[in-house]
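Observations on the model geometry
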There are 2 protein chains.
Amino acid sequence: MRALLLQNVKEPVTLQSRGDVQPSPGEVVVRLQAAALNRRDYWITQGMYPGVRTPVVLGSDGAGVVSRLGKGASENWLNQEVVINPGIGWGDDVRVQSEGFEILGMPRDGTFADETAVPADLLHPRPTHLDWQQSAALPLAGLTAYRALMVQGELKAGETVLVTGIGGGVATMLLRFAVAVGAEVIVTSSDASKRERALQLGAVGALDYTDSEWVKQCRSLHKAPSLIIDSAGGPDYGSLLELVKSGGRIVNYGCTAGAPPQLDLIRLFWKQIHIVGSTMGSPDDFASMLELVHRHQIEPVIDQVFPLEAGDSALKRMANSDQFGKIVLDIQS
Amino acid sequence: MRALLLQNVKEPVTLQSRGDVQPSPGEVVVRLQAAALNRRDYWITQGMYPGVRTPVVLGSDGAGVVSRLGKGASENWLNQEVVINPGIGWGDDVRVQSEGFEILGMPRDGTFADETAVPADLLHPRPTHLDWQQSAALPLAGLTAYRALMVQGELKAGETVLVTGIGGGVATMLLRFAVAVGAEVIVTSSDASKRERALQLGAVGALDYTDSEWVKQCRSLHKAPSLIIDSAGGPDYGSLLELVKSGGRIVNYGCTAGAPPQLDLIRLFWKQIHIVGSTMGSPDDFASMLELVHRHQIEPVIDQVFPLEAGDSALKRMANSDQFGKIVLDIQS
């Protein structure tokens, strides 16, 4: 079988021929139809992720057909069309992942390959209204967005939610989910075309956070958001505490702009703000996410599709943050 | 009647004779038996509180007997022994106070006087197991502690909770409440005698936060706290994110050590931490606090009792932060 191998950090990934994967007891082999990229994959190639081990086949997102079973895996899965929950070993606490939690695609070999072996309990039937590429685009971003928005963020219909930095896989999923459940969504981006796309997808407002007046604009144009979902942090974090409605929530699932240089605790306590951290999601969150996607017939936004052998170009597109939606690898093309 | 008057900020408060207070419609006059100090009173004397207006009679905490009724106030209150909820105009949202929210004792004249006029809906029968001084010590600190610990903090029996900076009125109330509901309480203080007092009151651990090893000590001696209640903030705030159990909560009701110089968002999201702001409490919170105090027969910790005419000395004791528990004014002595 073919696999995109990262031999060493800071080297390109290369397509290699390898022997068939062998499922351990309780595992199944999924013959992948499509995979999708996450920023995590890019960070690993740069050695900017804790505990990077190489060589490794990257890839947390995949959809395909179960082709072989390890010992003890239920025969019901054979030949089923599935998506894979990329969160392995969450544990028993719904509030937080266990110490042993890991994500498919480092250290365990992932989905940028013809085949991957995964524990059977990660499998879910793929949403029937999606094609293979959309199915593969869903898992990690869908799970992350669902937990941040619905579990940690507790979004309710009719609320106003601000999603900062629209464009990436999670942010576009947040937009889709929030619109689907009946929230008013405001987004930010420094890129005019991304702001335009977000408005087409149902955002009620789109602001340029590089404009020094953006907070004032947001205030004059929109209701104060009772929920803000952010993955940037950085020097402008204080603006979020200013903007959020009193009694509201700010959920962070990332920190791409660095740690905020201050936390305005007086504003935090006087406005009774909740700042909540979120990462990935539990098995229950994954199942609930699929249910939401099914109920509202939500389609992940696809940015571009690359063949598996162009994996390195796909990673470069991720590196430049030019994408709007998910970058997908078509595997059985 | 006599009242402690703050004529101008940064001047001592002085005992003055004034005419009887006149209740507006819906108000009652409470003849005070005791009052208690809060840090807020001291800050107002220093002009370090937003919107200070003078002259004013300070004081948010009071207990006494209803002596006269304004128009429309229920006659059932006449001659009742009451404590006063110092939060005025919270509004309809349980999550956060309204824009019009204010606290008794600036701008409205407060409890450092023989009499005060308050809206009748702030009255509650005083806890029968407490004397007048204890009753007066309860309202603001009890309300603040209750909301931070039980509403925003959602403390459950069996949890480990860390209360930073034990000694003040709210912190000692937090200790009492948390012990009462069956939590294990760890405290911090730079003062050995305060640490000792906290252990006597049921804390399982007491650490000196000025010791550079205190985080390490806390880790080696105690279970990781799933809830931390802090009113300091400051440069050491990152230690709280380190110490808190994954999936846990940090509640802030103050910021006496200044805004934290950084927020470690990576730790926040990976540990799925909740940072929650809390200030004062709703009318429901006040009623629930009284119920908790009654159920567990909780007694506020009294630091020292001053006669009303020694109000300025009482404020000086607050300024020095030497107290352990509430500083009380005995009014009808």
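Residues numbered from 1 in each chain as written. Chains lettered and ligands numbered in written order. Predicted model: local features only at pLDDT ≥ 70, side-chain atom pairs only at ≥ 80, totals over all residues.

**Brief notes about the environment of A:T188**
Residue and element names in this part refer to chain A. Assignment of secondary structure puts T188 in strand 12 (residues 184–188). Given 26 C-beta atoms within 10 Å, T188 falls into the buried group. Placed 132 residues apart in sequence, T188 and V56 show a C-alpha to C-alpha distance of 35 Å. Look past the residues within four positions of T188 in its chain and what remains in contact with it is T164, G165, I166, L207, Y209 and W214. (Helix = DSSP H or I, 4+ residues; strand = E, 2+ residues; numbered from the N terminus. Buried ≥ 20, exposed ≤ 12 C-beta atoms within 10 Å, placed from the backbone. Contact = placed C-beta atoms within 7 Å.)

**Looking at helix 10 (residues 311–320) of chain A**
All names here are of chain A. Inspection of helix 10 places G311, A314, L315 and M318 among the buried residues, and these make up the whole buried set. Taken down its axis, helix 10 places every buried residue within 100° of arc, on the same side. Elements that come into contact with the buried residues of helix 10 comprise strand 1 (2–6), helix 1 (39–45), strand 17 (302–307) and strand 18 (326–330). Of the residues flanking the end of helix 10, it is S321, one or two places downstream, whose phi is positive at about 55°. (Arc of directions from axis to C-beta.)

**Concerning the packing of helix 3 (residues 139–152) of chain B against helix 4 (residues 169–180) of chain B**
How two helices sit against one another is set out by the angle between their axes and by the gap between those axes. All names here are of chain B. Closest axis-to-axis distance for the helix 3/helix 4 pair is 8 Å, and the angle between their directions is 55°. Comparing their axes, helix 4 and helix 3 come out oblique. Relative to helix 4, helix 3 is oriented so that their crossing is right-handed. Here A141, G142, T144, A145, Y146, A148 and L149 of helix 3 lie close against helix 4, whose contacting residues are G169, V170, M173, L174, F177 and A178. (Axes fitted to C-alpha atoms, helices over the stretch in contact; angles between N-to-C directions. Parallel < 35°, antiparallel > 145°, perpendicular 65-115°, else oblique. Left-handed = near helix turned anticlockwise from the far one by under 90°.)

**Thoughts on the sheet that holds strand 13 (residues 205–207) of chain A**
The 12 strands are arranged 13(A)-12(A)-11(A)-14(A)-15(A)-16(A)-16(B)-15(B)-14(B)-11(B)-12(B)-13(B) in an open sheet whose pairing can be described as mixed. Unpaired on one side and paired on the other, strand 13 of chain A together with strand 13 (205–207) of chain B mark the two borders of the sheet. The average undirected angle you get between the axes of adjacent strands in this sheet is 15°. Pairing between strand 12 (residues 184–188) of chain B and strand 13 of chain B: 3 bridges, direction parallel. (Pairing = 2+ DSSP bridges.)

**Let's talk about unusual backbone geometry**
Here A:M106 and A:P107 are connected by a cis peptide whose omega angle stands at 0°. Backbone torsion omega between B:T54 and B:P55 reads -5°, so that peptide bond is classified as cis. Tracing the chain through its elements places B:P55 in the loop between helix 1 (39–45) and strand 4 (56–57). At B:N79, a residue that is not glycine, the phi angle is positive and equals roughly 70°. With respect to the helices and strands, B:N79 occurs in the loop between strand 5 (61–69) and strand 6 (81–84). At B:Q272, a residue that is not glycine, the phi angle is positive and equals roughly 55°. One can find B:Q272 in the loop between helix 8 (265–270) and strand 16 (274–277).

**Structural notes on the nonpolar core**
If you look at the biggest cluster of nonpolar residues, it comprises 204 residues, and the most contacted ones within it are A:V163, A:L174, A:L175, B:V163, B:L174 and B:L175. When neighbours within four sequence positions are excluded, B:L174 is seen to be in contact with B:A145, B:A148, B:L149, B:V163 and B:I229. (Core = buried A, V, L, I, M, F, W, Y, C linked by C-beta atoms within 7 Å.)

**Here we look at the domain arrangement of chain A**
All names here are of chain A. When its domains are assigned, chain A resolves into domain 1 (2–141 + 281–330) and domain 2 (154–277). The C-alpha-based centres of domain 1 and domain 2 are spaced at 28 Å. Contacts between the two partners involve 13 residues from domain 1 and, on the opposite side, 11 residues from domain 2. Of the residues that constitute the side of domain 1 that touches domain 2, the class distribution is 6 nonpolar, 5 polar and 2 charged. (Domains from an automatic or database assignment. Nonpolar A, V, L, I, M, F, W, Y, C, P; charged D, E, K, R; others polar.)

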